[in-house]
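The residues making up each chain are set out below.
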Amino acid sequence: MNFDFELIVRSFPLLLLGAGVTIQITALSVGFGLLIGMFVSLARLSKIKPLKLLATMYVDFIRGTPLLVQIFLIYFALPIVTGTRIDPFVAAITACSINSGAYVAEIFRAGIQSIDKGQMEAGRSLGMSWTQTMRFIILPQAFKRIIPPLGNEFIAMLKDSSLVSVIGFEELTRRGQLIIARTYGSFEIWLTVAFIYLIMTFTISRLVDFLERRYKIDDKH
Amino acid sequence: MISIRNLHKKFGKLHVLKNVSLDIAEQEVVVIIGPSGSGKSTLLRCINYLEEPSEGEIIVDGIPLNGEANINKVRAEVGMVFQRFNLFPHMTALANITLAPIQVRKMPQAEAEKIALDLLAKVGLSDKANNYPEQLSGGQQQRVAIARALAMKPKVMLFDEPTSALDPEMIKEVLDVMKALANEGMTMVVVTHEMGFAREVGDRVIFMDEGRIVEEGTPETIFTNAREERTQAFLSKIL
Ligand SMILES: Nc1ncnc2c1ncn2[C@@H]1O[C@H](COP(=O)(O)OP(=O)(O)OP(=O)(O)O)[C@@H](O)[C@H]1O
Ligand SMILES: [Mg+2]
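What counts, and at which threshold
Residues numbered from 1 in each chain as written. Chains lettered and ligands numbered in written order. Predicted model: local features only at pLDDT ≥ 70, side-chain atom pairs only at ≥ 80, totals over all residues. Heavy atoms only, no water. Pairing = 2+ DSSP bridges. Helix = DSSP H or I, 4+ residues; strand = E, 2+ residues; numbered from the N terminus. Buried < 20%, exposed > 50% of the residue type's maximum accessible area, 1.4 Å probe, protein only. pLDDT = per-residue confidence, 0-100. Near = heavy atom within 4 Å. Polar contact = N/O pair within 3.5 Å; in protein donor to acceptor, adjacent residues only side chain to side chain. Areas by Shrake-Rupley, 256 points an atom, 1.4 Å probe, with all protein chains shown as cover. Nonpolar A, V, L, I, M, F, W, Y, C, P; charged D, E, K, R; others polar. Core = buried A, V, L, I, M, F, W, Y, C linked by side-chain atoms within 4.5 Å. Contact = heavy atoms within 4.5 Å.

Take the pairing of strand β4 (residues 55-60) of chain B next. Residue and element names in this part refer to chain B. When strand β1 (residues 2-11) meets β4, the two strands line up antiparallel, connected through 5 bridges. When the sheet's bridge partners are listed, I2 is paired in β4 with V60. Hairpin remark: β4 followed by strand β5 (residues 63-64), antiparallel, with 2 residues in the connecting loop; positive phi at D61, about 50°.

Attention now moves to unusual backbone geometry. Only a minority of non-glycine residues have a phi that is not negative, and only a minority of peptide bonds are not trans. Residue and element names in this part refer to chain B. The phi dihedral of N86 falls on the positive side, at around 55°, and the residue is not glycine. Counting through the fold element by element, N86 comes out in the loop between β6 (78-81) and α3 (93-103). Here E161, not a glycine, exhibits a phi torsion of approximately 45°, which is positive. Under the relative-accessibility criterion, E161 is labelled buried at 16%.

Summary statistics for chain B give a mean pLDDT of 93 and a share of 98% for residues scoring 70 or more. The ipTM, which scores confidence in the relative placement of chains, is 0.91 for this predicted complex, and the corresponding pTM is 0.83.

In this section: the site of ligand 1. Residue and element names in this part refer to chain B. If you check the shell around ligand 1, you find F11, L14, V16, P35, S36, G37, S38, G39, K40, S41, T42 and E161 and nothing else. Take S38: an N or O atom from its main chain is 3.2 Å from an oxygen atom of ligand 1. In the model, an oxygen atom of ligand 1 is placed 2.5 Å from a nitrogen or oxygen of the T42 side chain. Computed on the free molecule, ligand 1 has an accessible area of 630 Å², of which 60% lies beneath the protein chains in the complex. Elements represented by at least two residues in the shell around ligand 1 include exactly β2 (14-24) and α1 (40-47). The element best represented in the shell around ligand 1 is α1, accounting for 3 residues. The class makeup of the residues in the shell around ligand 1 is 4 nonpolar, 6 polar and 2 charged.

Membership of the largest hydrophobic core comes to 51 residues, with the highest contact counts inside it found for I33(B), I146(B), M157(B), F159(B), M178(B) and M188(B). Here the element with the most residues in this core is helix α6 (residues 168-183) of chain B; it accounts for 8 residues. Setting aside residues no more than four positions away along its own chain, M157(B) makes contact with G79(B), V81(B), I146(B), A149(B), L150(B), L181(B), M186(B), T187(B), M188(B) and V189(B). With 50 residues, the next largest nonpolar core counts A122(A), I4(B), L22(B) and I47(B) among its residues.

Structure representation (structure tokens):
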């Protein structure tokens, strides 16, 4: 077998474009996931029964089914109900956001529950409402603790986003496939794709370490 | 000021408070004593609804505690000091004190800070306004916690073993603050094992056991002349 280094050099710009798209999907999905996750975790912790039930069902459904199936549900199954085709980009972001939301919700819930119960009681005993206590006392403390697991979620999403290649969305993995279809350079291209993923996840995990250390110091005061 | 009628509290099958009735007058200082698990904390926590009574009636300053709508109103009038301080660790002493007045009373920040600084002076911590709880000793933290509760200008203060998490040398500084408060005429309900404090500032001592008020009276009567055997047995262990 001969290793075609020239192919890697030629394909690299295209693959980088794909990597950019991968980062974009990941950032958007985890971003929306954060919003969804925050509200869902609060719903799961609230005393309002129907809200709690709905939130629990959502989290169980998402965590109990493969992301690939969720992507198919949104891209192929949903249009049958609504009668309109969905743009692959919208479908990809929607599926990944809804997926990420469930995992982020669990991260938030664990973070909130790790805060001493006395904090909520102190807030409530001062006459603050549940919402006020959450906003000013519990959440600011929980945020610091959830940075590491959120970083892990970001990394997991970045890797899992390769699944949206199946609906033809041109992120990093799909770009690789397309180049291989033209050039047959399977070995070189997949190696390069793997390397680019590794660089991205490695960078993120270092970034998370840095943030974590900074907040630890911050915590000490 | 506080009127408790036939209060019951159950945690599942566990019957923690059994038919407790108690009236506390304005400016009165009531000290509650009793063995561990007798329901002292639960009684205090029912007064500001941190625990929901299973049965019975509690009226604080004329407001009956009967629905969500009233709870925050009553809580704003009732200050609570916890055994483990429960200061907000991500905020300075000053911010701990100003948070509720700003959020609940809608007080302008400048005014809230002025009040907070006055209160810090009162508890002897003028120089600690910008310190975080972690930078304060236990006794200092508890004094900030008292200042935080006072900032809401409560009509009643509840203390749940405020000195039992403290090293001995810090107990006095907290008790002194509480004494000063009592002398100013604050209505106080205090769960404590500090008998010196009870004697000196308590108007009435209540002995609880197994979820019931067993005996009550002036500190003098309870400490030297308790009627009930259970009270005598308990006191002989701690005095
Ligand atoms: N949230 C709860 N759920 C279940 N049981 C509880 C709860 N809170 C208190 N209890 C139980 O109620 C009883 C009374 O507790 P409480 O804390 O009021 O006692 P206490 O007199 O304050 O004791 P201590 O001196 O140890 O603080 C105990 O048996 C305790 O285990
Ligand atoms: Mg107790």
